[in-house]
Amino acid sequence: MDALTIIYSSEKTVAKLAEFTEEQKLQKDKSQFGAVDGMRIRIIPVLGPLPAIMGQSLAAITLCELGKKPMHQPVSGERVSKNVRNKLYQNLVNREQKIANGKLDISGGASYTGPVEIELDDVDYIMGTWRNRCAVTGARFGTVLFLARWDTSKPATPDNLVLMSTHALKKYDENGKASIPTSVQSKIESRLAVCRDLNCDI
């Protein structure tokens, strides 16, 4: 087996555990307050739907594989916060404004194609496309990320935006695609092509 497909939930716990009553605190064996080992009563309701959702997800992946229609871009990685998505969007808008005003020089030239053609809610989809990682280096944790147009002659649409780290974007602006290894360029273009082929414009 070359690869093992897994699914997992990145959802963070919202509800806190219920406090023990005075009577419960006197009990030495706290396991009696849960129907499952290591689980307290308060979090038991979560267990009901979660296995069913996991099973349905696995069944969907299996059916797609059997039907020769594999999932090209399953969601991978923890969902980023609203503040992070908002910052990415605003940075993209500011970047395009700098290009329009001639305050940002990009190697090979970049034409202003009008306002960005995505909305704030679209950023979540785009982050998922790039697995919340820099498309060039694969860096994620502790890295500040930005969105930039891959083809600078075309507008900022979901199938023309690439997620890059500060360092990668700086090199991209200075040297264009020449700063990116050919193999990485091919992967980026392949992923954007899949998005276009699947009519993923939002």
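This is a predicted model, so every value here is computed, not measured.

Engineer: I'm lost on the overall build of the chain in this one. Help?
Structural biologist: Within the chain one finds seven helices and two strands. Secondary structure elements in the chain, listed N-terminal to C-terminal, are α-α-α-α-α-β-β-α-α. Counting across all 202 residues of the chain, residues that qualify as buried make up 29%. Counted over contacts in the chain with a minimum sequence separation of 6, partners at least 24 positions apart contribute 63%.

Engineer: Sorry if this is basic, but what is going on with the nonpolar core here?
Structural biologist: Among soluble globular proteins, nonpolar side chains are generally buried collectively. Of all hydrophobic cores here, the largest spans 29 residues; its most connected members are Ile 118, Trp 130, Trp 150, Val 162, Met 164 and Ile 188. Among residues more than four places away in sequence, those in contact with Val 162 are Trp 130, Ala 135, Phe 146, Leu 147, Ala 148, Trp 150, Ile 188 and Leu 192.

Engineer: I would appreciate a short explanation of the packing of aromatic side chains in the present structure.
Structural biologist: Aromatic ring pairs: the centre-centre distance and the angle between the two ring planes describe each pair. One pass over the full model with this rule turns up one aromatic pair. An angle of 10 degrees between the planes, with centres 6.2 Å apart, marks the rings of Trp 150 and Tyr 172 as stacked. With Trp 150 in the loop between β1 (145–149) and β2 (161–165) and Tyr 172 in helix α6 (residues 166–175), the pair connects residues that are 22 residues apart, well separated along the chain. Given the relative accessible area of 5%, Trp 150 is considered buried. Residue classification places Tyr 172 among the buried positions, given a relative accessible area of 2%.

Engineer: Just to check I follow, could you spell out helix α4 (residues 82–100) for this structure?
Structural biologist: Each turn of an α-helix holds 3.6 residues, which means side chains three or four residues apart point in the same direction. Here α4 spans 27 Å end to end across 19 residues, near enough to the 27 Å set by a 1.5 Å rise per residue. Those residues of α4 that fall on the buried side of the exposure criterion are Arg 85, Leu 88, Tyr 89, Leu 92, Arg 95, Glu 96 and Ile 99. Taken down its axis, α4 places every buried residue within 125 degrees of arc, on the same side. Residues of α4 that are exposed and point over 90 degrees away from its buried face: Lys 82, Asn 83 and Lys 87. Among the structural elements, α5 (122–129), β1, β2 and α6 are those in contact with the buried residues of α4. Phi turns positive one or two residues past the end of α4, at Gly 102, with a value near 75 degrees.

Engineer: Sorry if this is basic, but what is going on with unusual backbone geometry here?
Structural biologist: The general pattern is negative phi for most residues beyond glycine and trans for most peptide bonds. Backbone geometry at Lys 68 places phi at a positive 60 degrees, although glycine is not the residue there. Note that Lys 68 resides in the loop between α3 (49–66) and α4. Look at Arg 131: it is not a glycine, yet its phi comes out positive at around 55 degrees. Mapped onto the elements of the fold, Arg 131 is located in the loop between α5 and β1. A relative accessible area of 19% places Arg 131 in the buried class.

Rules behind the numbers
- Residues numbered from 1 in each chain as written.
- Predicted model: local features only at pLDDT ≥ 70, side-chain atom pairs only at ≥ 80, totals over all residues.
- Heavy atoms only, no water.
- Helix = DSSP H or I, 4+ residues; strand = E, 2+ residues; numbered from the N terminus.
- Buried < 20%, exposed > 50% of the residue type's maximum accessible area, 1.4 Å probe, protein only.
- Contact = heavy atoms within 4.5 Å.
- Core = buried A, V, L, I, M, F, W, Y, C linked by side-chain atoms within 4.5 Å.
- Phe/Tyr/Trp six-rings, centres within 6.5 Å; stacked < 30°, edge-to-face > 60°.
- Expected span 1.5 Å × (residues − 1).
- Arc of directions from axis to C-beta.

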